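# Chain and residue survey
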Amino acid sequence: SFYLNNEKVNEVDVLIGGGGIAGSSLFKEMVLRGHNTVLVDYGKGSSYRNIAAGRSIFSIPELSDIAENNFRIFKEMSKSYDIDFHVINYVSFAENEEVLAELSKSLQWTRGEVIDKKDFKSRISEYFDGNNRYVGALITPDCWQATPGKVINVLRNIGVEGGGEVM
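Since this is a predicted model, take the numbers as computed values, not measurements.

### Concerning the overall build of the protein chain
Across its full length, the protein chain holds six helices and nine strands. When each of the 167 residues of the protein chain is scored for burial, the buried share is 32%. Pairs at least 24 apart in sequence give 69% of the contacts found in the protein chain among residues at least 6 apart. Surface accessibility of the protein chain: about 10,500 Å² in total, with carbon and sulfur atoms responsible for 49%.

### Here we look at the pattern of salt bridges
Think of it this way: side chains of opposite charge can pair up when their charged atoms draw near. Applying the stated criterion across every chain, the model contains ten salt bridges. One salt bridge in this structure joins Lys150 and Asp82, with 3.1 Å as the shortest N-O distance. In this pair, Lys150 is assigned in helix α6 (residues 148–161) and Asp82 in the loop between α3 (61–80) and β6 (86–94), connecting sequence segments 68 residues apart. Accessibility expressed as a relative area gives 29% for Lys150, which makes it partly exposed. Given a relative accessible area of 53%, Asp82 falls into the exposed group. For Asp84, the salt bridge identified is with Lys150, shortest N-O distance 3.1 Å. Here the residue Asp84 occupies a position in the loop between α3 and β6, and Lys150 occupies one in helix α6, the gap between them amounting to 66 residues. Judged by its relative accessible area of 29%, Asp84 is partly exposed. Three or more residues are tied together by salt bridges with common partners; here these are Lys28, Glu29 and Arg33.

### Here we look at the confidence of the model for the protein chain
Overall, the prediction assigns the protein chain a mean pLDDT of 86, with 89% of residues at 70 or greater. Ranking the helices and strands of the protein chain by mean pLDDT puts strand β7 (residues 113–116) first, with 94, and strand β1 (residues 2–4) last, with 59.

### A look at helix α1 (residues 21–32)
Under the 1.5 Å per step criterion, the end-to-end length of α1 is 17 Å for twelve residues, consistent within 8% with the ideal 16 Å. Along α1, the residues classified as buried are Gly23, Ser24, Phe27, Lys28, Met30 and Val31.

### Comments concerning the environment of Ser80
Tracing the backbone through its elements, the reader meets Ser80 in helix α3. Judged by its relative accessible area of 58%, Ser80 is exposed. Spatially, the C-alpha atoms of Ser80 and Val154 are 9.9 Å apart, while their sequence positions differ by 74 residues.

### Observations regarding the sheet that holds strand β9 (residues 165–166)
Strand order in the open sheet made by the three strands is β3-β4-β9, with parallel pairing throughout. Where the open sheet ends on each side, the last strands, each with one partner, are β3 (14–17) and β9. Alignment of strand β4 (residues 37–40) against β9, held across two bridges, turns out to be parallel. Note on β9: the bridge partner recorded for Leu39 is Val166.

What counts and how
- Residues numbered from 1 in each chain as written.
- Predicted model: local features only at pLDDT ≥ 70, side-chain atom pairs only at ≥ 80, totals over all residues.
- Heavy atoms only, no water.
- Helix = DSSP H or I, 4+ residues; strand = E, 2+ residues; numbered from the N terminus.
- Buried < 20%, exposed > 50% of the residue type's maximum accessible area, 1.4 Å probe, protein only.
- Contact = heavy atoms within 4.5 Å.
- Areas by Shrake-Rupley, 256 points an atom, 1.4 Å probe, with all protein chains shown as cover.
- Salt bridge = Lys/Arg side-chain N within 4 Å of Asp/Glu carboxyl O.
- pLDDT = per-residue confidence, 0-100.
- Expected span 1.5 Å × (residues − 1).
- Pairing = 2+ DSSP bridges.

This is the structure in structure tokens:
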């Protein structure tokens, strides 16, 4: 600590601006690695309400690998913390044949199943209205969802318990 213009200034190893899912995850990791860490956040941002879901299928294998690791991390977290973790199927709709071909191509490195639009009602939802906007879809198993605010709170609490500070 030192003083600047008669105000005490605390020195930290890591200062993180923004406490959404990325900032809170980074906060937890930096604290657990032994860094004097401060997370500065204002209110409840958008990721507090609308993240915490994942799928393991992307247009390139490397992103799929990251997503599969995220699945493992959230599954482990759910064993110790109440984050409302659930394994789900994820549906990616294709608006044209080009998108459907890209989705199909991703089956080379991940599990999933391409569904023709005529099977939407029986395979995706009995409430599907049958619109003609989509030409097909990809259903990916072993995806996940959790309550976003609970996930962020857990990440921050782990960081605080480890000696970090949230401001």
